[in-house]
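Residues per chain are reported as follows:
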Amino acid sequence: MKNIYKFLLGLTLCLTTISCEKSFLDEKSESSLTPENAFNSNKDFEASVNNLYRLVRLELYSRNDFQPWNYAYRTDIGFPITASAPNLSADYNAVNGFSNGHWNPYFKIIAEANTIIGRIPSSKLNNEQKKEYEAQGRFFRAFAYRCLAYLYGGVPLILEEVKVPKIDFVRATRKEVYAQVITDLKFAAENLKAITAVRDGQISNLVAQHYLAEVYIADGQFQNAVTAADAVINNSAVRLMTNRFGSRRTETPGDVYWDLFRANNQNRAGNTNTEGLWVIQLEPDTPGGTSPTTVGFLNENAFLFERVHAPLLRDLRINGVAPFNWPIGDYSGGRGVGFLAPSKYFIDNAYDDPTNDIRNANHNFVRKFRANNISSPLFGREIDFANLPSGTTGVNGVRVVSGVSDRAIYPYQTKCTDPFGHPAGLLAGTDSRYPFLLKSGAGATYQDQYLVRLAETYLLRAEANLGLNKLDAAAADINVVRSRAKAKAVTPSEVNIDYILDERIREFGFEEKRMFTLMRLGKWAERVRKCNPFYASQVRDTYNLWPIPQSEIDRNSGAVLEQNPGY
């Protein structure tokens, strides 16, 4: 044992001597990545900007099958049909309510954008690249603050990279946040590339102008909003799609509105779609796109619109017999499981010209379902949601008589799916009688998604003109959208903010992140009381702002981060 100790002691002394004399153990790094040198080249900045796109997509589309839908639940257009009753007091709880999950994602976007902006001066970018990346960083910072201000009101304004722990944040006012958003968006609008010069999915100067118009309206600057919207609408590179187009333009039933939402039709490249301004890229089986069709939808990249919104026709029975085989990629809704149903108002009252308005046509908003189960005596016949046969039962055999009361059947928008157009990798191919039978991994919506399209810019300009009391101009803007839909024209005397909100339901439905619109206008409580009986009795005016997460207040021990009133 003593000999071992002597050997180890000698070895230690030897190594120490060698280390001191020759430093053969000293590390000599040929290259290293540190926070100080991580942002030098064009590739460094491009990678960080790409992550900003990923963070936006994650928050608004693909995180899971519930969080992105908090922008539709608890609004005037939709409710969770699987719930037996609402519980808004728990939902709007500052400790563990749903809104807690949306605070940090936006501040993550802000932090990343601030890092990009702050590292530009010391980088090796040329002057043109510096201006382009600053414009992108400031756009995403503005976008995140726009979302936070609509939802929470005034929030801490952080405009520089935070490099050391900070626990003394204070809230700016909502108006101060709007002012910063406007400043950033103006810079972005002046310095981002034209829409004809960017790749599909990238932001352009027109996207910045669109959001500038929206935030100007929120800030009460209506003439500036009109000017910003004009910059988009009057640009020769964009226009509403008014004729059938794209990969399935010859199919019937169908129309130009239906074409907008078919796979591969959303982008400018190859399809001459001039309406999409910012299209979130969700291409299946593509690196960086949505979930591969070979593995199904259960990962962070999938947009689960079909799963969440289409009804669970699997559980419908008429006199004990299932009229639908499930899941099938036809007008029965693919592999929908019936979580998010439209409100009664959306179904019964929103469409003021229901017969002529193509957006209400059955191939766009399915109310009549054609039985597809060969074994059912109703095979091939229409089952009308508004006039269900006696003996109709839904989930757990509960009788369904009328109204949106069961996840097994309710009207749904076909933009959530792609009838007869699911990716080939999702087709089961196990029964020749059902060629569009789907695998169990179906449920995602395998189409790129419009975050901004030109129809919304027209409706924003209508809002601004309404704010200026220019009712003729507001009606003219609304009628551009209604004309494409074959709906009767609105008269100036009919135009008010509720009419515009209804038009947004007709045009966008669940495509829109509805919560932003209602919160921006301070109309959440009023509209939910009026339009969504599921929630109406529990609505409080307090909920026109979301609560600041209590965890953020608690950890901010160096200053008071004030809570919103009523929480």
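All values reported here derive from a predicted model rather than from experimental measurement.

Moving on, we get to the side chain of N544. Its location among the elements puts N544 in the loop between α16 (524-531) and α17 (550-555). In this view, N544 contacts M519, G522, K523, W524 and A525; residues no more than four positions away in its chain are not counted.

Under the definition given, this model contains 46 salt bridges. Two residues, D65 and R307, come together in a salt bridge whose shortest N-O distance is 3.0 Å. Of this pair, D65 sits in the loop between α2 (42-62) and β1 (78-80) while R307 sits in helix α10 (residues 305-309), placing them 242 residues apart in sequence. Taking the shortest distance from any N to any O, the salt bridge between R484 and E275 comes out at 2.8 Å. You can see R484 sitting in helix α13 (residues 471-484) and its partner E275 sitting in the loop between α9 (256-260) and β2 (276-280), a full 209 residues away along the chain. Note on accessibility: R484 and E275 belong to one class, buried.

What follows is about the pairing of β2. For β2, a buried count of 5 out of 5 residues is recorded, marking the element as mostly surrounded by other parts of the structure. Both β2 and strand β10 (residues 449-453) contribute to a ladder of 4 bridges, which runs antiparallel. Along β10, the bridge assignment pairs G276 with R453.

Moving on: the nonpolar core. Among the nonpolar cores identified, the biggest contains 159 residues, and Y106, F139, W278, L451 and W524 are the most heavily contacted of them. In terms of residue count, the dominant contributor to this core is helix α5 (residues 127-152) (14 residues). If sequence neighbours within four positions are ignored, W524 has contacts with R74, T75, L88, Y92, M515, L518, M519, V539, R540, Y543 and N544. Counting residues in hydrophobic clusters, the runner-up holds 10 residues, among them F245, I358, Y450 and A485.

With that settled, consider the packing of aromatic side chains. Enumeration over the complete set of coordinates arrives at 40 aromatic pairs. Seen in terms of ring centroids, Y53 and F140 are 5.0 Å apart; in terms of plane orientation they differ by 80 degrees. Their pairing is edge-to-face. Of this pair, Y53 sits in helix α2 while F140 sits in helix α5, and the two are 87 residues apart along the sequence. With respect to class, Y53 is no different from F140; both count as buried. Measuring from ring centre to ring centre gives 4.9 Å for F98 and W546, while their planes differ by 80 degrees; the resulting arrangement is edge-to-face. With F98 in the loop between α3 (88-91) and α4 (100-119) and W546 in the loop between α16 and α17, this residue pair connects regions lying 448 residues apart in the sequence. The ring of W326 has R314 sitting right over it, with the charged end atom 5.3 Å from the ring centre.

Moving on to the environment of K131. When you line up the elements, K131 lands in helix α5. On a C-alpha basis, the gap between K131 and I117 in space is 9.8 Å, while along the polypeptide they are 14 residues apart. The contact partners of K131, leaving out residues within four places of it in the chain, are F187 and N191.

With respect to the element layout, P423 can be found in the loop between β9 (412-413) and β10. Spatially, the C-alpha atom of P423 lies 40 Å from that of R529, the residues being 106 residues apart in sequence. Each residue touching P423, except ones within four places of it in the same chain, is listed here: T293 and Y446.

What counts and what doesn't
Within every chain, residues take consecutive numbers counted from 1 along the sequence as written. Confidence filtering applies because this is a predicted model: local features only for residues at pLDDT of at least 70, side-chain atom pairs given and counted only at 80 or more, and all residues used for totals across whole chains, interfaces and linings. For the side-chain quantities, the full set of heavy atoms in the structure was used; hydrogens and water were omitted. Helix numbers and strand numbers start at the N terminus; a helix is a DSSP run of H or I with at least 4 residues, a strand a run of E with at least 2. Contact between two residues is taken to exist if any of their heavy atoms lie within 4.5 Å; hydrogens are not considered. Here, a salt bridge means any side-chain nitrogen of Lys or Arg that lies within 4 Å of a carboxyl oxygen of Asp or Glu. The rule is simple: take the accessible area with a 1.4 Å probe, protein chains only, and divide by the maximum for that residue type; under 20% is buried, over 50% is exposed, in between is partly exposed. Should DSSP find at least two bridges between two strands, the strands are taken to pair. For this analysis, a nonpolar core means a set of buried residues of the types Ala, Val, Leu, Ile, Met, Phe, Trp, Tyr and Cys, connected via side-chain atoms within 4.5 Å. What counts as a ring pair is set by centres within 6.5 Å for rings of Phe, Tyr and Trp (its six-membered ring), and what kind of pair is set by the plane angle: stacked under 30 degrees, edge-to-face over 60, tilted for all other angles. Lysine and arginine charges are scored as sitting over a ring when NZ or CZ, respectively, is within 6 Å of the ring centre and within 35 degrees of the ring normal.

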